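# Residue-level structural notes
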There are 2 protein chains.
Amino acid sequence: MSLLNEILEKIKPLNEEMMKISKERVDFLLKPVGSLGVLEEIAVQLSGITGEMYPDVSKKAVLVFVGDHGVFEEGVAAAPQEVTGLMANMTVAGKSGVGALSKQAGADVFVCDVGMVSDVDPKSGILMKKIRKGTSNMRKGPAMTYEEAKLSIEVGIDFAERAIKNGYNILGTGEVGISNTTPSAAIFAVLGDVDPGELTGAGANLSEEKMVHKAQVIRDAIAVNKPDKKDAIDVLAKVGGFEIGAMAGAMLAGAASKIPVVIDGFISTAAAAIAIGLKPEVKGYLICSHASAEKGAAFGSAFIGATPFLNMGMRLGEGSGAAIAFNIIEGALYMNREMATYGDVGLGVV
Amino acid sequence: MSLLNEILEKIKPLNEEMMKISKERVDFLLKPVGSLGVLEEIAVQLSGITGEMYPDVSKKAVLVFVGDHGVFEEGVAAAPQEVTGLMANMTVAGKSGVGALSKQAGADVFVCDVGMVSDVDPKSGILMKKIRKGTSNMRKGPAMTYEEAKLSIEVGIDFAERAIKNGYNILGTGEVGISNTTPSAAIFAVLGDVDPGELTGAGANLSEEKMVHKAQVIRDAIAVNKPDKKDAIDVLAKVGGFEIGAMAGAMLAGAASKIPVVIDGFISTAAAAIAIGLKPEVKGYLICSHASAEKGAAFGSAFIGATPFLNMGMRLGEGSGAAIAFNIIEGALYMNREMATYGDVGLGVV
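Residues numbered from 1 in each chain as written. Chains lettered and ligands numbered in written order. Predicted model: local features only at pLDDT ≥ 70, side-chain atom pairs only at ≥ 80, totals over all residues. Heavy atoms only, no water.

Glancing now at helix 12 (residues 297–304) of chain A. Residue and element names in this part refer to chain A. If you check which residues of helix 12 are buried, you get Ala297, Gly300, Ser301 and Ile304. Looking straight down helix 12, one finds its buried side chains confined to an arc of 95°; they lie on one side. Facing away from the buried side of helix 12 by more than 90 degrees, the exposed set consists of Ala298 and Ala302. Buried-residue contacts for helix 12 involve helix 7 (181–192), strand 5 (261–263), helix 11 (266–278) and strand 6 (286–288). Gly305 sits one or two residues past helix 12 and shows a positive phi near 75°. (Buried < 20%, exposed > 50% of the residue type's maximum accessible area, 1.4 Å probe, protein only. Helix = DSSP H or I, 4+ residues; strand = E, 2+ residues; numbered from the N terminus. Arc of directions from axis to C-beta. Contact = heavy atoms within 4.5 Å.)

Given below as structure tokens:
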């Protein structure tokens, strides 16, 4: 059995019994019922994920997958392609957005090359799992083969499992890949059956004119490839990206190991849609962090049924939103574990 | 000169020159311009507040002011009045919502009694600055005298100054006071010239029927007292509360000492409106944390011109939202200080 199938079989629904017990405690905490909103939901979800009332989520890692995209040659990106490699190096050095924010959050950042154009410096600390130097141009044919798509997911599974074996108990997903809002919009256009124009945004500050072009490129890619929306791997292969597949894999691995996975913005959400397409139960293990300002992001979050709780107007990607969400998620645990209950003080619930 | 007047004179506009320099750096950081959204705004604001490019905001304190309200006797609250005292004690013990969340956030919590009905246990760690045991019933006359209103602000100034002298470099405001959504809604009804029905919410899970009654109580209080909306102290005295005045004072003291003050939900925002009414420049020193689910909160935030960035559906108060915002605010500093710039890597800005 392949690694992917093994992982898919391991993923079980959330522990409903533990969620019920946790919810009872949350409602009995010394506060008006419901008054801590999303923190209450997260506390219950963490119990459902881990099967524990007070799971440890203090060892935090952001897994950043990097890859390039053949569709870049269609002029859909504002930055040159070598920026992917540059940002990968900056991230392991702690000098990118996610690097800086993770330092503050007490999270470690790990970078994995799934298929960027740039070569990896073996001394950089970036894990080399390059499938090849960038996907193919999806406007002309599939971005990757079906086997490559599966492999990209397995790279993500493997990377997440390394982190989990090293004791990390909450993961965030991040990515760097110049032009990867294009495959992300394509994935949602296919899965959600909407015109790419509704999902195509500025990415890294693309001009209005180029956005119109970008939407047409996605329309063409879908027309040329005819992805089967019932087969998430087919969608990933035809209009996705290596780092998107890898993020989906990391989510699956987290779910299989009963570890919460914090998803970042638009591209992470596209990866989540692929992961959920492969195994709907993975959804319960995901915590959606921030509402990205990228145009398609609101559609993407709604599509996977997630409600982001950070409204920061961010659209950087890299896992930056996941990094700043970690401590709020751990706050939900502290709420559940540290607060007194109405029982403790001999009062009735308000 | 009174302490209040001294503080008001000390408050200066933000350091525009430092904000300009900080903004230049933020725009030169290795990310698409604007792509870290609110974090970018906060980084620039922190520079404007402190006059420093990379101000230390690592020593975090939530100042929780507690007080009771004469209007409680009109049946506007879901919980009994002794809960104020109970929650004050639970907060110093780290067992309330803000207590638990502050532990996770690495923030210290300090509690000051400005006028609750319950007696303070001298060994509790609560600072005793009781003006009197609860305000008067504002439906029948002013909640407090003009002098008491000023005194409540000065209690807040004094408490904040103690924290600042002890090295805290970022403050959050919080409160406990059963029925204090009623004076908060009254303050915004007066200052914003809107019917209380538009601002009156469930507080701690009040029934629909009692909310209608609560709005009428506020209408009556305004009709009886005729607060002068051009005089913030008059508004505070007639339809406010001791802990609301004290929070306003803490904001003023933070601004006078060039320290950022994180405001929490609806009641903190009402206090901010009073502080801004006394000195408009204080606004620049405030960072609005979360969008409370309490009905009038969106109006309140808009009224003071603030945009909350946490969308957690919370409505507990106590400073709980300020607590979970601290690390995100410090994240903005890390972004500015730790990220590489385009200059560092020899690239042009995207």
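Take the relation of the copies chain B and chain A next. Each copy of the sequence occupies a distinct position, and chain B is placed on chain A by a rotation of 180° and an axial shift of 0.0 Å, giving an RMSD of 0.0 Å. Overall, the copies show the geometry of a two-fold rotation axis. Considering only C-alpha atoms, the part of chain B nearest the rotation axis is Leu310 of chain B, at 2.5 Å. An overlap of 100% is found between the interface residues of chain B and their copies at the interface of chain A, pointing to a shared contact surface. (Least-squares fit on C-alpha atoms with pLDDT ≥ 70 in both.)

Our focus in this paragraph is the sheet that holds strand 2 (residues 107–115) of chain B. All names here are of chain B. Spatially, the six strands line up as an open sheet ordered 3-2-1-4-5-6, and their pairing is parallel. A single partner strand is all that each edge strand has here, and the edge strands are strand 3 (127–128) and strand 6 (286–288). Direction of pairing for strand 1 (residues 60–67) relative to strand 2: parallel, over a ladder of eight bridges. Directly across from Ala61, in strand 2, lies its bridge partner Asp108. (Pairing = 2+ DSSP bridges.)

A separate point is the packing of aromatic side chains. All names here are of chain A. All told, the structure shown has 14 aromatic pairs over all chains when counted by the stated rule. Relative to Phe299, the ring of Phe188 has its centre 6.3 Å away and its plane inclined at 80°; by these criteria the two rings are edge-to-face. Of this pair, Phe188 sits in helix 7 while Phe299 sits in helix 12; the two residues are 111 residues apart in sequence, bridging distant segments of the chain. Seen in terms of ring centroids, Phe188 and Phe303 are 5.9 Å apart; in terms of plane orientation they differ by 75°. Their pairing is edge-to-face. Note that Phe188 is positioned in helix 7 and Phe303 in helix 12, a separation of 115 residues in sequence. Residue class for Phe188 comes out buried when judged on its relative accessible area of 0%. With relative accessibility at 36%, the residue Phe303 sits in the partly exposed group. An aromatic cluster is present here, built from Phe188, Phe266, Phe299 and Phe303 joined pairwise through their rings. (Phe/Tyr/Trp six-rings, centres within 6.5 Å; stacked < 30°, edge-to-face > 60°.)

The next point concerns the domain arrangement of chain A. Residue and element names in this part refer to chain A. By domain assignment, chain A separates into domain 1 (3–54 + 340–345) and domain 2 (60–334). One C-alpha centre belongs to domain 1, the other to domain 2, and the line joining them spans 27 Å. Taken residue by residue, the interface counts 18 residues in domain 1 and 27 residues in domain 2. Taken together, both faces of the contact between domain 1 and domain 2 bury some 2,100 Å²; the carbon and sulfur share is 75%. Between the two partners, domain 1 and domain 2, sit six residue pairs in polar contact (both at pLDDT 80 or more). (Domains from an automatic or database assignment. Buried area = accessible area lost by both parts, 1.4 Å probe. Polar contact = N/O pair within 3.5 Å; in protein donor to acceptor, adjacent residues only side chain to side chain.)

Let us now look at the environment of Leu8 of chain A. Residue and element names in this part refer to chain A. Secondary-structure assignment places Leu8 in helix 1 (residues 3–10). You can call Leu8 buried: its relative accessible area is 12%. Expressed as a C-alpha distance, the spacing of Leu8 and Ile267, which sit 259 residues apart in the sequence, is 22 Å. In this structure, Leu8 is in contact with Leu252, Leu278 and Lys279, ignoring residues within four places of it in sequence.

Another aspect to go through is unusual backbone geometry. All names here are of chain B. A positive phi angle, close to 60°, is found at Lys258, a residue other than glycine. The topology assignment puts Lys258 in the loop between helix 10 (242–256) and strand 5 (261–263). On the basis of relative accessible area, Lys258 is assigned to the partly exposed category, the value being 36%. With a phi close to 70°, Glu318 is a non-glycine residue in the positive phi region. With respect to the secondary-structure elements, Glu318 resides in the loop between helix 12 (297–304) and helix 13 (320–338).

Here the structure, examined in full by the defined rule, presents three cavities of 30 Å³ or more. Of the voids in this model, the largest cavity is the one considered here, and its volume is about 520 Å³. Taken together, 36 residues form the lining of the largest cavity, with Ile178, Gly203, Ala204 and Leu316 of chain A together with Pro32 of chain B sitting closest to its centre. The set of elements that each furnish at least two residues to the lining of the largest cavity consists of helix 4 (82–92), strand 4 (170–176) and helix 11 of chain A. Per element, the largest residue contribution to the lining of the largest cavity is three residues, and it comes from helix 4 of chain A. (1 Å grid on protein atoms, 1.4 Å probe; cavity = no way out; pocket = protein on both sides within 12 Å on 5 of 7 lines; lining within 4 Å. Points joined across faces, edges and corners; volume = space filled by probe spheres on them.)

A word on the sheet that holds strand 4 of chain A. Residue and element names in this part refer to chain A. Strand order in the open sheet formed by six strands is 3-2-1-4-5-6, and the pairing between neighbours is parallel. Across the chains shown, the open sheet's two edge strands, defined by having one partner strand only, are strand 3 (127–128) and strand 6. As defined by bridge partners, strand 4 adjoins strand 5 across two bridges and the pair is classed as parallel. Note on strand 5: the bridge partner recorded for Gly172 is Val262.

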